[in-house]
Amino acid sequence: MIPLVRSKTNAAEKPQHLEKSKAKRTSADKRKSKSPQQSKQQGQLTQGDDEEELPPERCQHIQFLDCNSSVGRVIFECYHCQQGIISEYTGEPVIGEYKGHPSLIQMKVQCPNCEQTAIRLTTGQVLSTTAIPSPWQQ
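Residues numbered from 1 in each chain as written. Predicted model: local features only at pLDDT ≥ 70, side-chain atom pairs only at ≥ 80, totals over all residues. Heavy atoms only, no water.

Q: So what's going on with the overall build of the protein chain? Which residues, and what values?
A: Scanning the protein chain for helices and strands turns up 1 helix and 8 strands. Along its sequence from the N terminus, the protein chain presents helices and strands in the succession α-β-β-β-β-β-β-β-β. Evaluated residue by residue, the protein chain yields a buried proportion of 13% over its 138 residues. Across the protein chain, the fraction of contacts at a sequence separation of at least 24, relative to all contacts at a separation of at least 6, is 46%. If you sum the accessible surface of the protein chain, you get close to 12200 Å²; carbon and sulfur atoms cover 50% of it. (Helix = DSSP H or I, 4+ residues; strand = E, 2+ residues; numbered from the N terminus. Buried < 20%, exposed > 50% of the residue type's maximum accessible area, 1.4 Å probe, protein only. Contact = heavy atoms within 4.5 Å. Areas by Shrake-Rupley, 256 points an atom, 1.4 Å probe, with all protein chains shown as cover.)

Q: Describe the pairing of strand E7 (residues 117–121), and please don't skip the residues or the numbers.
A: Bridge count for strand E6 (residues 107–110) against E7 is 4 bridges, and the pairing is antiparallel. Looking at the pairing, Gln110 lines up with Thr117 of E7. Counting the residues in the hairpin turn of E6 and E7 gives 6 residues, including Glu115, whose phi is positive at 60°. (Pairing = 2+ DSSP bridges.)

Here is the structure:
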């Protein structure tokens, strides 16, 4: 019989409790009327003196169409130049191997405008790629 070994927890692994001044509002607090003192406290809760605002992250607009058809379509913007693109695809995602583990193979779709990889799709085959005006640009 092998004896159970119990490790000691160090201070970093112990759960830390929130101070009352840093606790977040609950949904029950939303029903209460806001007094000037409450709104001032709320502002203190959301922005700390030592916290910096994170820079915005890049995002990519994507809309899938005809998902239940044998040939699906996807409208998206190029990740690099924001060119609008529509692509047709077919087939099931292909499972390959990466570092000895099963992994989905991603198809790289090249942008017709800047000729860089616009998006990576997990599909069997990309049939066509056409540049269009971006529906998200104004």
